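# Overview (structure and organization)
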Amino acid sequence: FLAKFKGLRGTAFVIFGYSDERKMERQLIADYEKTLEELLGKLSADNYDIAVDIASVPEYIRGYGHVKHQHFVEASKREAELIARFRNPVVGAGREIRVKVAA
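The shown structure was predicted, so the numbers you read here are calculated from the model rather than taken from an experiment. Every chain begins its residue count from 1, and numbering advances along the sequence as written. Local features in this predicted model are restricted to residues whose pLDDT is 70 or higher, and side-chain atom pairs enter the listing and the counts only when it is 80 or higher, whereas totals over whole chains, interfaces and linings include all residues. With hydrogens and water stripped out, all remaining heavy atoms of the structure feed into the side-chain values.

Here the focus is the packing of helix H1 (residues 20-42) against helix H3 (residues 65-87). Here, axes are lines fitted to C-alpha atoms. For helices the fit covers the stretch in contact, and angles between N-to-C directions go from 0 to 180 degrees. Secondary structure elements are defined from DSSP: runs of H or I of at least 4 residues count as helices, runs of E of at least 2 residues count as strands, and each element is numbered from the N terminus. At a closest axis distance of 13 Å, the pairing of H1 and H3 adopts a crossing angle of 15°. Comparing the axis directions of H1 and H3 gives the class roughly parallel. The two elements H1 and H3 cross, and the hand of that crossing is left-handed. Note on element contacts: H3 touches H1 through Gly65, Lys68, Phe72, Glu79, Ile83, Phe86 and Arg87, opposite Glu21, Met24, Glu25, Leu28, Thr35, Glu38, Leu39 and Lys42. Looking at side-chain class alone, the contact of H1 with H3 contains 6 nonpolar, 2 polar and 7 charged residues. Orientation categories follow fixed angle ranges, with anything under 35 degrees roughly parallel, anything over 145 roughly antiparallel, 65 to 115 roughly perpendicular, and all other angles oblique. Crossing handedness: left-handed means the near helix sits turned counterclockwise from the far one by under a right angle, and right-handed means the same turn made clockwise. Any two residues whose heavy atoms approach within 4.5 Å are treated as being in contact. By the convention adopted, Pro, Cys, Tyr, Trp, Phe, Met, Ile, Leu, Val and Ala count as nonpolar, Lys, Arg, Asp and Glu as charged, and the other residues, Gly among them, as polar.

What follows is the structure in structure tokens.
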């Protein structure tokens, strides 16, 4: 029965698409695309690791209902911290350099 309505996916006729959670998911996709554009526009060897961390933030937004909302709040805070570090890097805070000292 439900297979007959498969063609309606992604259209205005899917009533479940109007829920706050579904609206949030669509907004998250749009925001993620904008974030990736910014990251790619400023990507370098020095900020590669933090860019990967930022790009992986959505992986932590899981679950349904209040669980998903809590993960979203936590991920948003983490993303804001990472983006601030990406936009304003600390000089010399890139990769760790180890110097071997002879005894």
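Turning our eyes to something else, we now look at the nonpolar core. Among the nonpolar cores identified, the biggest contains 10 residues, and these are Leu39, Ile50, Ala51, Ile54, Val57, Ile61, Ala75, Leu82, Ile83 and Phe86. Sorting the residues of this core by element identifies helix H2 (48-55) and H3 as the ones contributing at least two each. A total of 4 residues in this core trace back to one element, the largest contributor, which is H3. Not counting the four nearest positions on each side in its chain, Leu82 is found in contact with Ile50, Asp53, Ile54 and Val57. Take the buried residues of types Ala, Val, Leu, Ile, Met, Phe, Trp, Tyr and Cys, join any two whose side-chain atoms come within 4.5 Å, and each joined set is a nonpolar core. The cut-offs for exposure are 20% and 50% of the maximum accessible area for each residue type, with area from a 1.4 Å probe on protein chains only; residues under the lower value are buried, those over the upper are exposed, and the others partly exposed.

Its place among the elements puts Glu33 in helix H1. In this structure, the C-alpha to C-alpha distance between Glu33 and Ala55, residues 22 residues apart in sequence, is 9.8 Å.

Like charges within 9 Å and nonpolar side chains (Val, Leu, Ile, Met, Phe, Trp, Tyr) within 5 Å are joined into patches, using only residues over 30% in relative accessible area that form no salt bridge. Here the open area of atoms and residues is found with the Shrake-Rupley method and a 1.4 Å probe, where only the protein chains shown may cover a residue. Salt bridge, as used here: a side-chain nitrogen of Lys or Arg that lies within 4 Å of a carboxyl oxygen of Asp or Glu. A cluster of nonpolar side chains, namely Phe1, Leu2, Phe5, Leu8 and Phe13, defines an oily patch on the protein surface of about 640 Å² accessible area. With respect to the helices, strands and loops of the structure, Phe13 is situated in the segment before H1.

Here a pair means two rings of Phe, Tyr or Trp (six-membered ring of Trp) with centres within 6.5 Å. Their orientation is stacked below 30 degrees between planes, edge-to-face above 60, and tilted elsewhere. The final tally for this structure, using the stated rule, is 1 aromatic pair. For the pair Phe1 and Phe5, a centre-to-centre distance of 5.4 Å together with 70° between the ring planes defines the contact as edge-to-face. Judged by its relative accessible area of 74%, Phe1 is exposed.

Note: α-helices contain 3.6 residues per turn, so residues at a spacing of three or four share the same orientation. Here H1 spans 33 Å end to end across 23 residues, near enough to the 33 Å set by a 1.5 Å rise per residue. On its buried face, H1 is in contact with H2 and H3. Under the convention used throughout, the expected extent of a helix is 1.5 Å for every residue step, that is, one less than its residue count.

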